[in-house]
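# Results of the structural survey
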Amino acid sequence: MPHTLRSTVTHFLNRTLDATPIRELAILSDMTGTLLDQTDDGSGFAPSLRAAVANFVEAGGVFVLISGDSEAIVEDQFLRRLPPGIGPVFFAPASGSKIGCWRSDSAGTSPEILFELPPAPPSTLRALTQRVEQILAERVPGFRFTPEQREVFLSPAGGRPDVSGQLGLGEIAWVECRPDKGFAIFFPGSRRAAGLACQLIDDVAYDSEIRTIAEDSQLRIIRGANFCDVILSDKGAAVNRIRQLPALAPLLDRRTLIVLGDGRNDLEMYAAAADGVHVFVGAEEDFTTVTGGGDRAIHIPGFTRGTEVFLDALASSRTSPVARSDESGR
Ligand SMILES: [Mg+2]
């Protein structure tokens, strides 16, 4: 019952945040699954959520997006879809290998990059491509990347071609290779990979050769519910960097952090902001594992719908019932 859920969330926010106004809050948020629905065709970043994020920023809240996706995808799917005139919004795409600041205006300002890790070396990406191809061929005899896919993997921007046809799968199967992120295998069509998709994720995540390549290149392996990332950084490192970055630290210093996420690759983000309030919108069985539970954590089921309930409850619970005369006319 939505009304009861909303009351529960409001009660939780009033208990954990007391009367803290939005201008003293910062949200550290995941993107895909939490703000963007990829499983329903075309819904993506829903207008209601765009408005809720914009309202939070306009009320003085700091919004930091920490996404496992690359900068190009974060820009296309999230930043460019925010209402015009909003900002600043901070973002750390590719699991924290970059940190940027985005302001949208009529001139269509491009993001300002505040921090950036050096890209993964081509030799590492080539070794990962080769080993992942072998792993996939062990499950699906005859599997090969096409010459076009190989070209995408080794191009400067990288990409994520769909290999579902070669795997004989009826769902999208992305193999992603990007110098600014690392390597990934991702099944975006279902919240939780099953059958062959699940086996392939495990095969990649627990392969000793992949682990050796990752250790040698200081990449992190993250096994999620429907993906395995072998990436430059992780969301925990991103949170730590964001909190220490000279451009951001003064802004975040005295604010209460609210961490918002939905899955396994958010675990490090919650751990790095253990002092914050933890909101989780993913599957119930992941809630305690990912957030650590406790009385400053809440599970709001429903992925993007859960996020909407949270942002609505946050906005309405922070609205002072008493109009203040010293702020009139501003
Ligand atoms: Mg997610």
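This is a predicted model, so every value here is computed, not measured.

## Considerations on the overall build of the protein chain
- Helix and strand counts for the protein chain stand at 13 helices and twelve strands.
- A compact globule built from 330 residues should have a C-alpha radius of gyration of about 20 Å, and the protein chain, at 20 Å, falls within 12% of that.
- Relative to its 330 residues, the protein chain shows a buried fraction of 44%.
- The long-range fraction of contacts in the protein chain, counting pairs at least 24 apart against all pairs at least 6 apart in sequence, stands at 62%.

## Concerning the environment of Q134
- Tracing the backbone shows Q134 in helix α4 (residues 122-139).
- When the 12 C-beta atoms within 10 Å are taken as the criterion, Q134 is described as exposed.
- When the C-alpha positions of Q134 and F227 are compared, they lie 18 Å apart, and in sequence the two are 93 residues distant.

## Points about the domain arrangement of the protein chain
- In terms of domains, the protein chain is made up of domain 1 (2-117 + 234-327) and domain 2 (122-231).
- Taken over C-alpha atoms, the centre of domain 1 sits 28 Å from the centre of domain 2.
- Per-class residue counts for the side of domain 1 that touches domain 2 are two nonpolar, eight polar and four charged.

## Some remarks on the packing of α4 against helix α7 (residues 195-205)
- Taken N-terminus to C-terminus, the directions of α4 and α7 make an angle of 140 degrees; their axes are 10 Å apart at the nearest point. With respect to α7, the axis of α4 lies oblique. At the point where α4 passes α7, the crossing takes the right-handed sense. On α7, the residues that touch V132, I135, L136 and R139 of α4 are L196, Q199, L200, D203 and V204.
- When grouped by side-chain class, the residues that make up the contact of α4 with α7 number six nonpolar, one polar and two charged.

## Re the environment of R103
- Summarising the element assignment, R103 is placed in the loop between β4 (98-102) and β5 (112-116).
- The spatial distance from the C-alpha of R103 to the C-alpha of P88 is 4.8 Å, given a sequence separation of 15 residues.
- R103 has contacts with G87, P88 and T109, leaving out every residue within four places of it along the chain.

Rules used in this analysis
- Residues numbered from 1 in each chain as written.
- Predicted model: local features only at pLDDT ≥ 70, side-chain atom pairs only at ≥ 80, totals over all residues.
- Helix = DSSP H or I, 4+ residues; strand = E, 2+ residues; numbered from the N terminus.
- Rg over C-alpha atoms; globule rule 2.2 N^0.38 Å.
- Buried ≥ 20, exposed ≤ 12 C-beta atoms within 10 Å, placed from the backbone.
- Contact = placed C-beta atoms within 7 Å.
- Domains from an automatic or database assignment.
- Nonpolar A, V, L, I, M, F, W, Y, C, P; charged D, E, K, R; others polar.
- Axes fitted to C-alpha atoms, helices over the stretch in contact; angles between N-to-C directions.
- Parallel < 35°, antiparallel > 145°, perpendicular 65-115°, else oblique.
- Left-handed = near helix turned anticlockwise from the far one by under 90°.

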